[in-house]
Amino acid sequence: MAMNARNASSTKGSDLNERVVAINRVSKVVKGGKRFKFSVLVVVGDGFGQVGVGMGKAREISEAVRKGIDHAKKGMVTLKKTGHTIPHPILGKFGAAEVLLKPAAPGTGVIAGAVVRAIMELGGVKDVLTKVIGRTSNPINVAYATFEGVKALRSPEEIHRLRGKERRPAAQDA
């Protein structure tokens, strides 16, 4: 019985949701016909600030998804939040893709396309405004641009610490 309790607690800590964002089929013409391979873009997150993006490539979709999930879990980062939104506007860039992420008022919701929405929702952000403003709408590049923006976010406490200043309570500002 002790073994079951340990397994239950170890799986409980890794309660991650995954979402397949894009599937790309690639065909190669060979002597006997066509060979198909799949590349899959997967987003993994716990809904409380941990999020990761990964690609998996294989001959079968299920194997590609598994590889993508493993890749996303290895590269997970903590998404900095202020309440239910992000702390400041940021522009994430990857290749020709540029994604603008802006904080939003409570109750706004996630205003985003499918790829950016998956990253924000699985990261636990409930209110954010986004816009893909780059020269491409390739879902893979958009996902990695969003991920670069998420990695570049800084919390207010972190910014004060980096500047070497103490953060004063709002009541002392007056």
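One can find the structure itself at the top, above this paragraph.
Residues numbered from 1 in each chain as written. Predicted model: local features only at pLDDT ≥ 70, side-chain atom pairs only at ≥ 80, totals over all residues. Heavy atoms only, no water.

Draft legend 1. Region of the structure containing the overall build of the protein. Along the protein, the regular secondary structure elements total five helices and eight strands. Expressed as a percentage of the 174 residues in the protein, the buried residues total 34%. Expressed as a percentage of contacts within the protein between residues at least 6 apart in sequence, the contacts between residues at least 24 apart total 57%. For the protein, the accessible surface area stands at approximately 10800 Å², while carbon and sulfur atoms represent 53% of it. (Helix = DSSP H or I, 4+ residues; strand = E, 2+ residues; numbered from the N terminus. Buried < 20%, exposed > 50% of the residue type's maximum accessible area, 1.4 Å probe, protein only. Contact = heavy atoms within 4.5 Å. Areas by Shrake-Rupley, 256 points an atom, 1.4 Å probe, with all protein chains shown as cover.)

Draft legend 2. Expanded view of the pattern of salt bridges. Tallying each qualifying case throughout the model produces six salt bridges. Salt-bridge contacts for Glu-121 lead to Arg-19; the nearest nitrogen and oxygen are separated by 3.0 Å. On the criterion of sequence distance, the pair formed by Glu-121 in helix α3 (residues 114-122) and Arg-19 in strand β1 (residues 17-30) is long-range, its members being 102 residues apart. Taking the relative accessible area as the measure of exposure, Glu-121 reaches 32% and is therefore partly exposed. With a relative accessible area of 32%, Arg-19 lands in the partly exposed category. (Salt bridge = Lys/Arg side-chain N within 4 Å of Asp/Glu carboxyl O.)

Draft legend 3. Structural detail: the sheet that holds strand β4 (residues 77-78). One open sheet holds the four strands; their spatial order is β1-β2-β3-β4, and the pairing between them is antiparallel. Edge positions in the sheet fall to β1 and β4, since each has one partner strand and no second. By the bridge criterion, eight bridges tie strand β2 (residues 33-45) to strand β3 (residues 50-58) in an arrangement that is antiparallel. Across the sheet, Val-40 pairs through a bridge with Gly-56, a residue of β3. Docked against the sheet, helix α2 (residues 61-74) engages β1, β2 and β3, running at close to 145° with respect to β3. Most of the contacts of helix α4 (residues 139-152) go to β3, to which it runs at about 150°, and overall it touches β1, β2, β3 and β4. (Pairing = 2+ DSSP bridges. Axes fitted to C-alpha atoms, helices over the stretch in contact; angles between N-to-C directions.)

Draft legend 4. Layout of the sheet that holds strand β6 (residues 97-103). Read from one edge of the open sheet, four strands run β5-β6-β8-β7, paired in mixed fashion. The outermost strands of the open sheet, each flanked by one partner alone, are β5 (90-94) and β7 (110-111). Where β7 lies against strand β8 (residues 128-132), two bridges are found, and the strand directions are parallel. Directly across from Val-110, in β8, lies its bridge partner Val-128.

Draft legend 5. Inspection of a nonpolar patch on the surface at higher detail. On the surface, Val-20, Ile-23 and Ile-61 cluster together into a nonpolar patch covering about 240 Å² of accessible area. Looking at the element boundaries, Val-20 is found in strand β1. (Patch = residues over 30% accessible without salt bridge, like charges linked within 9 Å, V, L, I, M, F, W, Y side chains within 5 Å.)

Draft legend 6. Highlighting α4. Here α4 contains 14 residues, and its C-alpha end-to-end distance of 20 Å stays within 8% of the 20 Å for a straight helix at 1.5 Å per residue. Among the residues of α4, those classed as buried are Asn-141, Val-142, Ala-143, Tyr-144, Ala-145, Thr-146, Phe-147, Gly-149 and Val-150. The backbone nitrogen of Ile-140 has a side-chain oxygen 3.0 Å away, supplied by the residue at the start of α4, namely Asn-138. (Expected span 1.5 Å × (residues − 1). Polar contact = N/O pair within 3.5 Å; in protein donor to acceptor, adjacent residues only side chain to side chain.)

Draft legend 7. Quick peek at the side chain of Asp-127. Inspection of the secondary structure assignment puts Asp-127 in the loop between α3 and β8. For the buried Asp-127, which has no salt bridge, the nearest side chain bearing the opposite charge is Lys-126, at an N-O separation of 8.2 Å. In terms of polar contacts, Asp-127 uses its side chain to reach the backbone amide nitrogen of Gly-107, at 3.2 Å. When sequence neighbours within four positions are dropped, the list of residues in contact with Asp-127 reads His-84, Thr-85, Ile-86, Ala-104, Ala-105, Pro-106, Gly-107, Thr-108 and Gly-109. (Lys, Arg positive; Asp, Glu negative; His and termini not counted.)

Draft legend 8. Focus on a positive patch on the surface. A grouping of Lys-28, Arg-35, Lys-37 and Arg-59 is seen on the molecular surface, where their side chains present a positively charged patch. With respect to the element layout, Arg-59 can be found in the loop between β3 and α2. (Charge placed at Lys NZ, Arg CZ, Asp CG, Glu CD.)

Draft legend 9. Molecular detail of the nonpolar core. Judged by nonpolar contacts, the single largest core of 30 residues is most densely connected at Val-51, Val-53, Leu-101, Ile-119, Met-120 and Val-150. The two domains that each donate at least three residues to this core are domain 1 (17-77) and domain 2 (79-160). Residue contacts for Val-51: discarding those within four places in its chain leaves Val-43, Val-44, Gly-45, Gly-75, Met-76, Val-77, Leu-79, Ile-119, Gly-123, Phe-147 and Val-150. Within the second largest apolar cluster, eight residues are counted, among which are Val-40, Val-42, Ala-64 and Ala-72. (Core = buried A, V, L, I, M, F, W, Y, C linked by side-chain atoms within 4.5 Å. Domains from an automatic or database assignment.)

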